[in-house]
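Listed below are the residues making up each chain.
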There are 4 protein chains.
Amino acid sequence: MKSIGFIGLGNMGLPMVANLLKAGYRVHAYDVRREAVDLAAAQGAAPAASPAEAASRAEAVVTMVPNSPDVEVAYLGPKGVLDGARSGQVAIDMSTIDPATTRRVGARLEAAGVQMLDAPVSGGVPGAVAGTLTIMVGGDPAVFAQARPILGTMGKNVVHVGPLGSGEVAKICNNLLAGVSMIAAAEAFTIGLRAGVDPKILHEIIRTSSGNCWAIENNCPVPGLVPKSASNRDFTPGFMTDLMAKDLSLARAAARDLGVPCFTGALAHDLYMLASRHGLGRKDFSSVIQLLTASEGVATG
Amino acid sequence: MKSIGFIGLGNMGLPMVANLLKAGYRVHAYDVRREAVDLAAAQGAAPAASPAEAASRAEAVVTMVPNSPDVEVAYLGPKGVLDGARSGQVAIDMSTIDPATTRRVGARLEAAGVQMLDAPVSGGVPGAVAGTLTIMVGGDPAVFAQARPILGTMGKNVVHVGPLGSGEVAKICNNLLAGVSMIAAAEAFTIGLRAGVDPKILHEIIRTSSGNCWAIENNCPVPGLVPKSASNRDFTPGFMTDLMAKDLSLARAAARDLGVPCFTGALAHDLYMLASRHGLGRKDFSSVIQLLTASEGVATG
Amino acid sequence: MKSIGFIGLGNMGLPMVANLLKAGYRVHAYDVRREAVDLAAAQGAAPAASPAEAASRAEAVVTMVPNSPDVEVAYLGPKGVLDGARSGQVAIDMSTIDPATTRRVGARLEAAGVQMLDAPVSGGVPGAVAGTLTIMVGGDPAVFAQARPILGTMGKNVVHVGPLGSGEVAKICNNLLAGVSMIAAAEAFTIGLRAGVDPKILHEIIRTSSGNCWAIENNCPVPGLVPKSASNRDFTPGFMTDLMAKDLSLARAAARDLGVPCFTGALAHDLYMLASRHGLGRKDFSSVIQLLTASEGVATG
Amino acid sequence: MKSIGFIGLGNMGLPMVANLLKAGYRVHAYDVRREAVDLAAAQGAAPAASPAEAASRAEAVVTMVPNSPDVEVAYLGPKGVLDGARSGQVAIDMSTIDPATTRRVGARLEAAGVQMLDAPVSGGVPGAVAGTLTIMVGGDPAVFAQARPILGTMGKNVVHVGPLGSGEVAKICNNLLAGVSMIAAAEAFTIGLRAGVDPKILHEIIRTSSGNCWAIENNCPVPGLVPKSASNRDFTPGFMTDLMAKDLSLARAAARDLGVPCFTGALAHDLYMLASRHGLGRKDFSSVIQLLTASEGVATG
């Protein structure tokens, strides 16, 4: 499969297309925004007028759109992928969406002989540019094997998780943990700093104890403690508060659909939503510490 | 200082006394329970009839009691340390308590010429037996230097955090993070398992991504994934749910006293309290997953 | 409009059909369960083989099904209402569902010339039997005026709230408050009873003060204080925990879709879900006090 | 008993003293702020130089101070009530504090032959001025009978709740419910308004349904719906956010001491604390809606 229909040309999609082109794929690119299609064309992609057209001219389809309804429209809407697809094609949805939607769309595609993979990513825009995304893939192992080379041009760590929808589940479970522990880290440091403890010493204790987590090691909400933290650069993302809120919303919905509670995930979701209302939506999610302390600046480590 | 008055001879205190004796200290041991004093005496300690007596016969005092009121009674109550102490002595409280209580007791001791350190520990009974506790110390640096050899017989990693009370603050900040992220881990795995994802693959993805934390690496609430997890041995502690609830209660109280919110810590506190009411109080705190799933057994990795 | 297609013949739907028949309407009744159709037929309704058939034989359609996907299937699925409906008909959905689904289905119906009302109810099975439901209606005022007589046979208090979807919004806002304040009441009484306060006196103080709410006045989670409380009859519903969990789930989803936080609603949702996992799902929602106290019986007032 | 030692001359204490004077009591007034004593003297009270002096010159003592440590200092500190009291006196603490502190102080007083009542109030400054406070009293019934006339000059609704501490328990249980349901009301109206529902209709539906509560009937967070709401006057209190936060903190602490969870109370506590950090501390507690919506103004009903 050397020709790809690529739908969704945002901050993530465009560099992913660039990496496909660099690896020798022909790309038929579509986006609801005409100017995004022009940008892809300038990179060397062939413009497509609809998802159906992109699908009809390619061997495989890749979608990278903002959320669940966008995926439904791209595949099942008027002039959607389903209208242009042929039996035997592979459709790879790399959006982060509700796994229930994944399975619903997948069933419709399968009825038309198209096999679907869900393949959400982590690594953000830098990872998309560098082709070093982590890609979590759900779907049939044989289909995964077919799609592996395509995914390998966009990501470094490509993991087959399980059946269709599993990629989405893995991503939202991970981000649930990341989102909750960031807030716990912010609370812990807020207590420690206000109690007068030296943040460097506190950080070192937590980092080597049972409180350690990714936020402590890689993206500490208090500046001056970990080199690459967003807090060192006024919370320039990194991973935006609004995206974390979205992923936690998916975690909550998944928990509800499975009939299990998700206490800390739900609380974290509401706190990131509140942070967004208070102007932090497009900052790194570690900026939630500013909501809690209600201050512009936080004491430096 | 080669003689120690040691007050509080529980599961932690007794092996700590044993290590002091092994290192050549004379120990005057007291506990409210006479049988605990007998156990210490059998190890080679000299029994004392009161904290005052233990303090009066020793150069330094160590306390290791359950909670804040116990510390107040041990130091300031009738026949307490203050009644037997002499100017120039050092008092080391190794209990995990409210830092406000630490400072209040410390001020009373200082008025009598006794200098206090707070030195709460992590590492549990195994660490106390092996003499490998992590000890977080608050107080005057010169007093810390004096007490360093004593602490070194009981712990491996002895850290001076800052002024009096800082040791307590550091410990409760760490345990706030540990307690919250354990619940988030339990929620994430509950979602993942019920959605049919292979726990081994899910664990590996989270461990190498932004969801990683101490619980994932060292004490996973799902059995079969991490060798030393309490979940592998029916949640035998480890660190008991009731103790985690207690430490989170201290974190909440500290946050309140400092005028800052502690959303995830408060929620985790209530969930561990509820777990305790549902029979999990004396199991490892990772057993909180059983409260969430309301099942005796959890799918094995 | 004297003939009604009625879809959804559960505990609520069957007595609603009985009241329509009693008022002289002809009813064409459908349910996915054949035995439910037989029960309606025994009451005097004409059995229908599909929603389409029920719609095609009637002037107006009423639906009363469990949740959002059921509404989508009943209206838009194969042999759904849309397949049998004619321009000029009125469709009244009395289910409690996501207002976003209401508006989506309504748009599809409108394109076919069918005008929709959402008309969720409160009052439970007793209200359905007695024809005394409260009915909260969203949709065009002229359509509301047309449907008013039909609704009046099923409910006593029929309120026009606003445009399509408003009825659902009003219901879930009300139940958000009802669900949260019930838990707060349970917490308050749990504290009071354990602190040794006489529940009758505590109840009287709260009832006449700022803590008063519907739960205190009408459905107190502690038995012996309010005559009609479910707690007096071992938490026989009344309004089931599982239904409250469902309505709070709709409130959370509505808040998320509107970009606003819903902290207490989300927490209450998870607590009712947890209560359900612990065996209280089909008891009255006031039984959540048993989750909190982890006891079978609660001290009597 | 016609002479009263009155300690604590704040916004509440001064009008309470005025009512005692008006009823013919002699009042020996003390406050840590000299200027407050001057204000009481200007009303006709005799200034006292310490709680001990106030107690020594009076038959009964009344205290009305901000929080638990203040009560401890007023009674047990240097020149405290205990230093000036005589056996047979009655001490009435009208502060809102931790019932555990009440019982601790009460035990010390009882050892000196002084009998204590706890008698926290609701009704705020207007109630204190008008002498129409609700007073919830804990303590021995015979002592209550003795103190009844004194309390009757300050309050209209004087209730004997139970043994010492019960008054505090009743008040914090009531305020737990009031504080939580206010937030739920704010969430419900935020959803309803953003969904475009007319607030007057929404208010009327909730007021007559299971979502009704004191906030809905008396102090609606949305302006224009209930005449006496603080929201109608830019959230001028009424009852301040900071005071609600304090009372919820007492509820949490009481729950913790009793070993029961207090989920919604804890969440509400943190939300009012966060509201305070965001500048709403001295506004009416219904202003918490501004934290949730992150806006200065809320749509008017």
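Residues numbered from 1 in each chain as written. Chains lettered and ligands numbered in written order. Predicted model: local features only at pLDDT ≥ 70, side-chain atom pairs only at ≥ 80, totals over all residues. Heavy atoms only, no water.

Comments concerning the overall build of chain A
Okay, so step 1: Each helix and strand in chain A was counted, giving 14 helices and nine strands.
Okay, so step 2: Here chain A has a C-alpha radius of gyration of 20 Å; the compact-globule value for 301 residues is 19 Å, and the two agree.
Okay, so step 3: When its C-alpha atoms are laid out on the principal axes, chain A stretches across 65 × 45 × 35 Å.
Okay, so step 4: In chain A, buried positions account for 62% of the 301 residues.
Okay, so step 5: Of the contacts formed within chain A by residues at least 6 apart in sequence, a portion of 64% connects residues at least 24 apart.
Okay, so step 6: Accessible surface, chain A as shown: approximately 10000 Å² in total, 54% of it carbon and sulfur.
Okay, so step 7: Charge separation in chain A, taken as the distance between the mean sites of 25 positive and 25 negative side-chain charges, equals 4 Å. (Helix = DSSP H or I, 4+ residues; strand = E, 2+ residues; numbered from the N terminus. Rg over C-alpha atoms; globule rule 2.2 N^0.38 Å. Buried < 20%, exposed > 50% of the residue type's maximum accessible area, 1.4 Å probe, protein only. Contact = heavy atoms within 4.5 Å. Areas by Shrake-Rupley, 256 points an atom, 1.4 Å probe, with all protein chains shown as cover. Lys, Arg positive; Asp, Glu negative; His and termini not counted. Charge placed at Lys NZ, Arg CZ, Asp CG, Glu CD.)

Remarks on the pattern of salt bridges
All names here are of chain C.
Okay, so step 1: Evaluated as defined, the whole model comprises 28 salt bridges over all chains.
Okay, so step 2: Residue Glu72 pairs with Arg104 through a salt bridge whose shortest N-O separation is 2.8 Å. Here Arg104 lies in helix α6 (residues 99–111) and Glu72 lies in helix α4 (residues 68–76), a separation of 32 residues in the sequence.
Okay, so step 3: Judged by its relative accessible area of 44%, Arg104 falls in the partly exposed class. (Salt bridge = Lys/Arg side-chain N within 4 Å of Asp/Glu carboxyl O.)

A look at the side chain of D:Ser50
Residues and elements named next belong to chain D.
Okay, so step 1: Along the chain, Ser50 turns up in the loop between β3 (46–47) and α3 (51–56).
Okay, so step 2: Among the polar contacts made by the side chain of Ser50, one reaches the main-chain amide nitrogen of Glu53 at a distance of 3.0 Å.
Okay, so step 3: In this structure Ser50 touches Tyr30 and Lys79, once residues within four positions along its chain are discounted. (Polar contact = N/O pair within 3.5 Å; in protein donor to acceptor, adjacent residues only side chain to side chain.)

Points about the relation of the copies chain B and chain C
Okay, so step 1: Least-squares fitting of chain B to chain C yields an RMSD of 0.0 Å, with the superposition described by an axial translation of 0.0 Å and a rotation of 180°. On this basis, the relationship between the two copies can be described by a two-fold rotation axis. Across chain B, the rotation axis passes nearest the C-alpha of B:Leu267, at a separation of 4.7 Å. (Least-squares fit on C-alpha atoms with pLDDT ≥ 70 in both.)

Some words on the interface of chain B and chain C
Okay, so step 1: Taken together, the nine residues of chain B in the interface contact nine residues of chain C.
Okay, so step 2: Between chain B and chain C, roughly 850 Å² of surface is buried when both sides are summed, and carbon and sulfur atoms account for 60% of that area.
Okay, so step 3: Contact with chain C buries surface across chain B, with B:Leu274, B:Arg277 and B:His278 losing the most and accounting together for 50% of the total.
Okay, so step 4: At the junction of chain B with chain C, the criterion picks out zero salt bridges.
Okay, so step 5: Across the chain B-chain C interface, the total number found is four residue pairs in polar contact (both at pLDDT 80 or more). (Buried area = accessible area lost by both parts, 1.4 Å probe.)

Digging into empty space enclosed by the protein
Okay, so step 1: On inspection of all chains with the given rule, the structure shows three cavities of 30 Å³ or more.
Okay, so step 2: Looking at the largest cavity, its volume works out to about 140 Å³.
Okay, so step 3: Along the walls of the largest cavity sit 16 residues, with A:Leu267, B:Leu267, C:Leu267, D:Phe263 and D:Leu267 positioned nearest its centre.
Okay, so step 4: In terms of residue class, the lining of the largest cavity is built from twelve nonpolar, no polar and four charged. (1 Å grid on protein atoms, 1.4 Å probe; cavity = no way out; pocket = protein on both sides within 12 Å on 5 of 7 lines; lining within 4 Å. Points joined across faces, edges and corners; volume = space filled by probe spheres on them. Nonpolar A, V, L, I, M, F, W, Y, C, P; charged D, E, K, R; others polar.)

Let's talk about the packing of aromatic side chains
Okay, so step 1: Within the structure shown, the criterion is met by 14 aromatic pairs over all chains.
Okay, so step 2: Between B:Phe263 and C:Phe263, the aromatic rings sit 6.1 Å apart at their centres with planes inclined by 20°, giving stacked as the arrangement. Residue B:Phe263 is found in helix α13 (residues 263–280), and its partner C:Phe263 is found in helix α13 (residues 263–280); the two belong to separate chains.
Okay, so step 3: Owing to a relative accessible area of 2%, B:Phe263 belongs among the buried residues under this scheme.
Okay, so step 4: Pairwise contacts between aromatic rings join A:Trp214, A:Phe239, A:Tyr272 and A:Phe285 into one cluster.
Okay, so step 5: We note B:Lys2 situated over the ring of B:Tyr25; from NZ or CZ to the ring centre the distance is 4.0 Å. (Phe/Tyr/Trp six-rings, centres within 6.5 Å; stacked < 30°, edge-to-face > 60°. Lys NZ or Arg CZ within 6 Å of the ring centre and 35° of its normal.)

Quick look at the state of the cysteines
All names here are of chain C.
Okay, so step 1: Summed over all chains, the structure comprises zero disulfides over all chains.
Okay, so step 2: With no disulfide of its own, Cys220 lies 8.7 Å from the sulfur of Cys213, the closest cysteine sulfur.
Okay, so step 3: Take Cys220: its relative accessible area is 0%, and that puts it in the buried class. (Disulfide = S-S within 2.5 Å.)

Observations regarding the packing of helix α12 (residues 241–258) of chain D against helix α13 (residues 263–280) of chain D
Residue and element names in this part refer to chain D.
Okay, so step 1: Running from N to C, α12 and α13 cross one another at 150°; their axes reach a closest spacing of 9 Å. Classified by the angle between their axes, α12 and α13 sit roughly antiparallel to one another. Every pair of crossing elements has a handedness; the one defined by α12 and α13 is left-handed. Here α12 contributes Thr241, Asp242, Met244, Ala245, Leu248, Ser249 and Arg252 to the contact with α13, which in turn contributes Gly265, Ala266, Ala268, His269, Asp270, Tyr272, Met273, Ala275, Ser276 and Leu280.
Okay, so step 2: Class assignment of the residues belonging to the contact of α12 with α13 gives a composition of nine nonpolar, five polar and three charged. (Axes fitted to C-alpha atoms, helices over the stretch in contact; angles between N-to-C directions. Parallel < 35°, antiparallel > 145°, perpendicular 65-115°, else oblique. Left-handed = near helix turned anticlockwise from the far one by under 90°.)

A few points about the side chain of A:Thr264
Okay, so step 1: The residue A:Thr264 is located in helix α13 (residues 263–280) in this model.
Okay, so step 2: In terms of polar contacts, A:Thr264 uses its side chain to reach the side chain of B:Glu187, at 2.6 Å.
Okay, so step 3: Every residue in contact with A:Thr264, bar those within four places of it in the chain, is listed here: A:Val180, B:Ile183, B:Ala184, B:Glu187 and B:Leu267.

Considering the interface of chain A and chain B
Okay, so step 1: Taken together, the contacts link 50 residues of chain A with 50 residues of chain B.
Okay, so step 2: Around 4600 Å² of area is buried between chain A and chain B when both sides are counted, 75% of it from carbon and sulfur atoms.
Okay, so step 3: If you sort the residues of chain A by the area they bury against chain B, A:Leu177, A:Ile191 and A:Ser210 come out on top, with a joint share of 15%.
Okay, so step 4: On the surface where chain A and chain B come into contact, there are zero salt bridges.

Details of helix α12 (residues 241–258) of chain C
Okay, so step 1: Over its 18 residues, α12(C) extends 26 Å from the first C-alpha to the last, a length consistent with the 26 Å expected when each residue adds 1.5 Å.
Okay, so step 2: All buried positions along α12(C) are accounted for by C:Thr241, C:Met244, C:Ala245, C:Asp247, C:Leu248, C:Ser249, C:Leu250, C:Ala251, C:Arg252, C:Ala253, C:Ala254 and C:Ala255.
Okay, so step 3: Lining the buried residues of α12(C) we find α12 (241–258) and α13 of chain A, α9 (166–194) and α13 of chain C together with α9 (166–194) of chain D.
Okay, so step 4: Looking at the residues trailing α12(C), positive phi occurs at C:Gly259, about 75°. (Expected span 1.5 Å × (residues − 1).)

Describing the nonpolar core
Okay, so step 1: With 219 residues, the main nonpolar core has A:Tyr272, B:Tyr272, C:Tyr272 and D:Tyr272 as its most contacted residues.
Okay, so step 2: Leave out the neighbours within four places in its chain, and B:Tyr272 touches B:Gly179, B:Met182, B:Ile183, B:Thr241, B:Met244, B:Ala245, B:Leu248, B:Phe285 and B:Val288. (Core = buried A, V, L, I, M, F, W, Y, C linked by side-chain atoms within 4.5 Å.)

Considerations on the pairing of strand β6 (residues 115–118) of chain B
Residues and elements named next belong to chain B.
Okay, so step 1: Pairing analysis gives four bridges linking strand β5 (residues 90–93) to β6, with the strands arranged parallel. Each bridged residue has a counterpart across the sheet, and for Ala91 the counterpart in β6 is Met116.
Okay, so step 2: This β-α-β element, β5 to helix α6 (residues 99–111) to β6, shows right-handed connectivity. (Pairing = 2+ DSSP bridges. Right-handed = clockwise from strand over helix to strand, strands pointing away.)

As for the confidence of the model for chain A
Okay, so step 1: Looking at chain A, the pLDDT average stands at 95 and 98% of residues meet or exceed 70.
Okay, so step 2: Prediction confidence for the complex, expressed as pTM and ipTM, is 0.95 and 0.94 respectively. (pLDDT = per-residue confidence, 0-100.)

Here we look at the relation of the copies chain A and chain B
Okay, so step 1: Rotating chain A by 180° about the axis while translating it 0.0 Å along that axis superimposes it on chain B, leaving an RMSD of 0.1 Å.
Okay, so step 2: Mapped onto chain B, 100% of the interface residues of chain A are again interface residues, and the two copies thus contact each other with one and the same surface.

Observations concerning helix α9 (residues 166–194) of chain A
Okay, so step 1: Helix length check: α9(A), at 29 residues, gives a terminal C-alpha distance of 42 Å against a target of 42 Å (1.5 Å per residue), a fit within 8%.
Okay, so step 2: A:Gly196 sits one or two positions beyond α9(A) and adopts a positive phi of about 90°.

Details of unusual backbone geometry
Okay, so step 1: A cis amide bond links A:Pro237 to the next residue, A:Gly238, at an omega of 15°.
Okay, so step 2: The residue A:Gly238 is located in the loop between α11 (214–218) and α12 in this model.
Okay, so step 3: You will see that B:Asp234, though not glycine, has its phi angle at about 55°, which is positive.
Okay, so step 4: Mapped onto the fold, B:Asp234 is located in the loop between α11 (214–218) and α12 (241–258).

Comments concerning the packing of α13(B) against α13(D)
Okay, so step 1: Remark: α13(B) packs on α13(D), axes separated minimally by 9 Å, with the N-to-C direction vectors making an angle of 170°. When the axis of α13(B) is compared with that of α13(D), the two are roughly antiparallel. Listed contacts from α13(D) to B:Phe263, B:Ala266, B:Leu267, B:Asp270, B:Leu271 and B:Leu274 of α13(B) are D:Phe263, D:Ala266, D:Leu267, D:Asp270, D:Leu271 and D:Leu274.
Okay, so step 2: For the contact of α13(B) with α13(D), a count of residues per class yields ten nonpolar, no polar and two charged.

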